[in-house]
Amino acid sequence: MATRDRAVHENVPGSFFVDDTCIDCDTCRQVAPLTFIDADGHSAVQVQPEDPTALRAAARAVLCCPTNSIGSAHPDVVKLAQGDLPEQITDGVWYCGWTSRHSFGASSYLVRAGDGDLWMVDAPRWAPSLVAAIERLGGLAGIFLTHRDDVADAPRYAERFHAPLVIHARDADAAPTAARVITGDDAVTLAPGLTIIPVPGHTAGSQALLSDRGVLFSGDHLWWSRRIGALNASREVCWHSWEEQTASMRRLRDLSFDRLLPGHGGRAYLPDGGMRQGLDALIARMQRPMVES
Ligand code: SF4
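Residues numbered from 1 in each chain as written. Predicted model: local features only at pLDDT ≥ 70, side-chain atom pairs only at ≥ 80, totals over all residues. Heavy atoms only, no water.

J.: I'm lost on the site of the ligand in this one. Help?
T.: Taken together, 13 residues lie near the ligand, and Cys22, Cys25, Cys28, Ser43 and Cys65 sit nearest. Using a 2 Å cut-off from the grid points, one finds that the ligand occupies the largest cavity. (Near = heavy atom within 4 Å. 1 Å grid on protein atoms, 1.4 Å probe; cavity = no way out; pocket = protein on both sides within 12 Å on 5 of 7 lines; lining within 4 Å. Sits in = over half its atoms within 2 Å of the grid points.)

Laid out in C-alpha cells, this is it:
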C-alpha cells in the first residue's frame, strides 16, 4: 500500500501519487503515459488524470504496479479497472497486467493459438480477477516462459489451470515443475500458429515466441526504446552473452511479424517492413564495441 508521507517530491499535487518504494520498472509509464513520468530512478505523477479515459488508465496502473507504489484517492475507479485486465492488444492477444515484483514488473500476455487454445506468455502475479477472466476466455492450455527471470507466479497459474509450463533447458532450474523443456537452438512448434525461437543471449535459455498473428513475444531479448525511438537491446542487461544475443537477433530478421511484445521495455508495431529495417539498424549497433541502452 503506497503511503502519502513517503510520496516522491516530483509528484504534482492531487489524488494520485508514487511513493519511494517504486522500483522504476516502467509499467505505469506504459500503462498510463499521460499521468506518469520517469523522474530519474523512479516514477512520479506529472499530470493528475482528469478526463475519464486518463483516470481509468491511471487506475489500471495502480493494479499493474508490482510494488503497490502508486496511491490513489479513487478506490472505486481502481476496483472497476480490474475489469479492464487482461487488456486486448490485437485480435487474439492480451496484456495480463498485474505485474510481479519477482519479475521486476515484467509484462505477460495471453495469446490464442491457431486451434483456439489460450496460452500465457510469461506470468503475472496471482490475481483472482485475472484468473476469473482467464476462465471466461476458456482457461489456459499452457504457459510459455521466455526466460528464467519472468516466471513470477507461473507455477500457481499452471496448477490452477492444469497448464504445462514450457521453458528452455538452459533456464530450466528457474521452473523445476516445467512439463516441457525445450532443448537446442532450432525453432520448435509449441501449438498451431505458435513457434518457439530460441534466442540465447540475455540469458542462456532465452526464447521468443512467434505467433502467426504477426506478433513476436520477445521476453527481455528485444524491445522498443522510447528514449532513442528505435528497437533496442542492451549490454547492461545482458546476463549471458552479448555475442550470442547479437547472433540471436540476426535470426529474427527473416521472421514474419510486425508487432513486438516484450517483457520489459516498450512495445512496437512496425508494419510494411519497418520491423526488419529496425532490426537491421539494431544489429548494426550491436556489432559496434558499445551500444546505447
Ligand atoms: S509501476 Fe510501480 S514500481 Fe513500476 S515504475 Fe510505476 S510506480 Fe514504480
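J.: Just checking my understanding: could you explain the environment of Leu55 for this structure?
T.: With respect to the helices, strands and loops of the structure, Leu55 is situated in helix H2 (residues 52–64). Its relative accessible area of 15% is what places Leu55 among the buried residues. Taking the C-alpha atoms as reference, Leu55 lies 8.7 Å from Thr35; in sequence the two are 20 residues apart. (Helix = DSSP H or I, 4+ residues; strand = E, 2+ residues; numbered from the N terminus. Buried < 20%, exposed > 50% of the residue type's maximum accessible area, 1.4 Å probe, protein only.)

J.: Looking at this structure, how should I read the side chain of Asp19?
T.: By secondary structure assignment, the location of Asp19 is in the loop between strand E1 (16–18) and helix H1 (27–31). Within the buried set, Asp19 has no salt-bridge partner at all; the shortest N-O distance to an opposite charge, 5.4 Å, is to Arg6. A polar atom in the side chain of Asp19 sits 2.5 Å from the side chain of Thr21. Excluding its chain neighbours within four sequence positions, the residues that come into contact with Asp19 are Met1, Ala2, Thr3, Arg6, Ala7, Val8 and Ser69. (Lys, Arg positive; Asp, Glu negative; His and termini not counted. Salt bridge = Lys/Arg side-chain N within 4 Å of Asp/Glu carboxyl O. Polar contact = N/O pair within 3.5 Å; in protein donor to acceptor, adjacent residues only side chain to side chain. Contact = heavy atoms within 4.5 Å.)

J.: Just to check I follow, could you spell out the domain arrangement of the protein for this structure?
T.: Interfaces are frequently sized by the accessible area removed from exposure as the parts join. Considered domain by domain, the protein is made up of domain 1 (4–83) and domain 2 (85–286). Each of domain 1 and domain 2 has a C-alpha centre, and these two points are 25 Å apart. Every contact between the two is made by 17 residues of domain 1 and, on the other side, 16 residues of domain 2. If you sort the residues of domain 1 by the area they bury against domain 2, Gln30, Pro66 and Gln82 come out on top, with a joint share of 33%. The interface formed by domain 1 and domain 2 includes two salt bridges. Close ionic contact of Arg60 with Glu87 constitutes a salt bridge, the shortest N to O distance being 3.9 Å. Our count for the contact surface shared by domain 1 and domain 2 stands at seven residue pairs in polar contact (both at pLDDT 80 or more). Elements represented by at least two residues in the side of domain 1 that touches domain 2 include exactly H1 and H2. It is H1 that contributes the most residues to the side of domain 1 that touches domain 2, four residues altogether. In terms of residue class, the side of domain 1 that touches domain 2 is made up of eight nonpolar, five polar and four charged. (Domains from an automatic or database assignment. Buried area = accessible area lost by both parts, 1.4 Å probe. Nonpolar A, V, L, I, M, F, W, Y, C, P; charged D, E, K, R; others polar.)

J.: Sorry, what's going on with empty space enclosed by the protein here?
T.: This model, assessed by the stated rule, comprises three cavities of 30 Å³ or more. Empty space within the largest cavity amounts to approximately 90 Å³. Lining of the largest cavity is provided by 14 residues; of these, Cys22, Cys25, Cys28, Ser43 and Cys65 occupy positions nearest its centre. Here the lining of the largest cavity is composed, by residue class, of eight nonpolar, four polar and two charged. (Points joined across faces, edges and corners; volume = space filled by probe spheres on them.)

J.: I would appreciate a short explanation of the pairing of strand E18 (residues 259–262) in the present structure.
T.: Residues in a regular strand point their side chains to alternate faces of the sheet. Side-chain alternation along E18 places Arg259 and Leu261 on one buried face and Leu260 and Pro262 on a second face that is also buried. Here four bridges tie strand E15 (residues 215–219) to E18, and the two strands are oriented parallel to one another. Pairing of Leu216 across the sheet is with Leu260, part of E18. With two bridges connecting them, E18 and strand E19 (residues 268–269) associate as antiparallel partners. Counted as the bridge partner of Leu260 is Ala268 from E19. (Pairing = 2+ DSSP bridges.)

J.: Sorry, what's going on with the pairing of strand E8 (residues 118–121) here?
T.: Both faces of E8 are covered, namely the face carrying Leu118 and Met120 and the face carrying Trp119 and Val121. Sheet topology places strand E7 (residues 109–112) next to E8; four bridges connect them, and they run antiparallel. Of the residues in E8, the one forming a bridge with Val111 is Trp119. Linking two consecutive strands that pair antiparallel, namely E7 and E8, is a turn of five residues; a positive phi of about 95° is found at Gly116 within it. In this view, the connection linking E8 to its parallel neighbour strand E9 (residues 142–144) by way of helix H4 (residues 128–136) has right-handed handedness. (Right-handed = clockwise from strand over helix to strand, strands pointing away.)

J.: Could you clarify how one ought to interpret the packing of aromatic side chains in this entry?
T.: For any pair of aromatic rings, geometry is given as the distance between the ring centres together with the angle between the planes. If you walk through the whole model with that rule in mind, you get three aromatic pairs. Ring geometry for Trp126 versus Tyr157: centroids 4.9 Å apart, planes at 50°, classification tilted. Separated by 31 residues along the polypeptide, Trp126 in the loop between E8 and H4 and Tyr157 in helix H5 (residues 154–161) bring together distant segments of the chain. In textbook terms, an aromatic cluster arises when at least three aromatic residues are bridged by ring pairs, as seen for Tyr95, Tyr109 and Phe217. (Phe/Tyr/Trp six-rings, centres within 6.5 Å; stacked < 30°, edge-to-face > 60°.)

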